[in-house]
Structure formats: C-alpha cells, structure tokens
Amino acid sequence: MTYPANSDSDMGDPIAGDQLKSIVERIERLEEEKKTIADDIKEVYAEAKGNGYDVKVLRMVIRIRKRDANERAEEEALLDLYLQAVGESA
C-alpha cells in the first residue's frame, strides 16, 4: 500500500483529509456517471432490438470498429487463408 508523500517520515502525521475526501467524491461521481452511461447504452441496444436488429451482431460491429484498421485487415486476411486451407470458401 502506498501513502501520500510527506515531508516528514513520521507515520503519526495525519492524512490530508480534504484532499482524500475530494478524491473519493470525484470517484463516486464518476462511478455514477459510468452507471448512467451504461444504462443509456442498454436502452440504445433495446431500441435496436425493438427495430429488428440483431443485438449480438451489433455488439460485434461495435467491437470491430474499435480495433485498429490494419490489425483488423491482417486478421481478416488470416481468417480467409485459414478458411481456404480447410476447404471453406470465404
């Protein structure tokens, strides 16, 4: 465990309570925002499903779009090569 840097090495020094409280409150606010965003994302997926889209495939599209284009192209080329090697047409 690490402790905030102090000018004194005396372990009896109090922790900077205001700073620690501020950090904790910021983390709590961000966690709340994260939950709100996660709920919003769930709603959008539900909307997509309600409009007839396959949510599993939609999640794949999102995951693929996050990746580097060159990495994705290399992986797709390898997939095509492997499929041809086992007799599947790509």
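Residues numbered from 1 in each chain as written. Predicted model: local features only at pLDDT ≥ 70, side-chain atom pairs only at ≥ 80, totals over all residues. Heavy atoms only, no water.

Caption draft 1: Spotlight on the overall build of the protein chain. Helices and strands together make up the secondary structure of the protein chain, namely three helices and zero strands. Counting helices and strands in the order they occur from the N terminus, the protein chain gives α-α-α. Among the 90 residues that make up the protein chain, the fraction classed as buried is 3%. Here the protein chain displays about 8500 Å² of accessible surface, and carbon together with sulfur accounts for 55% of that area. (Helix = DSSP H or I, 4+ residues; strand = E, 2+ residues; numbered from the N terminus. Buried < 20%, exposed > 50% of the residue type's maximum accessible area, 1.4 Å probe, protein only. Areas by Shrake-Rupley, 256 points an atom, 1.4 Å probe, with all protein chains shown as cover.)

Caption draft 2: Spatial organisation of the packing of helix α1 (residues 17-50) against helix α2 (residues 55-66). Put simply, α1 and α2 touch, their axes get as near as 10 Å, and they point 130 degrees apart. On the basis of the axis angle, α1 is oblique to α2. As for how α1 packs across α2, the hand of that crossing is right-handed. Contacts between α1 and α2 involve Y45, A48 and K49 from the first element and V55, L58, R59 and I62 from the second. (Axes fitted to C-alpha atoms, helices over the stretch in contact; angles between N-to-C directions. Parallel < 35°, antiparallel > 145°, perpendicular 65-115°, else oblique. Left-handed = near helix turned anticlockwise from the far one by under 90°. Contact = heavy atoms within 4.5 Å.)

Caption draft 3: View of the packing of aromatic side chains. Scanning all chains against the criterion turns up zero aromatic pairs. Residue placement shows R59 over the ring face of Y45; its charged tip is 4.0 Å from the ring centre. (Phe/Tyr/Trp six-rings, centres within 6.5 Å; stacked < 30°, edge-to-face > 60°. Lys NZ or Arg CZ within 6 Å of the ring centre and 35° of its normal.)

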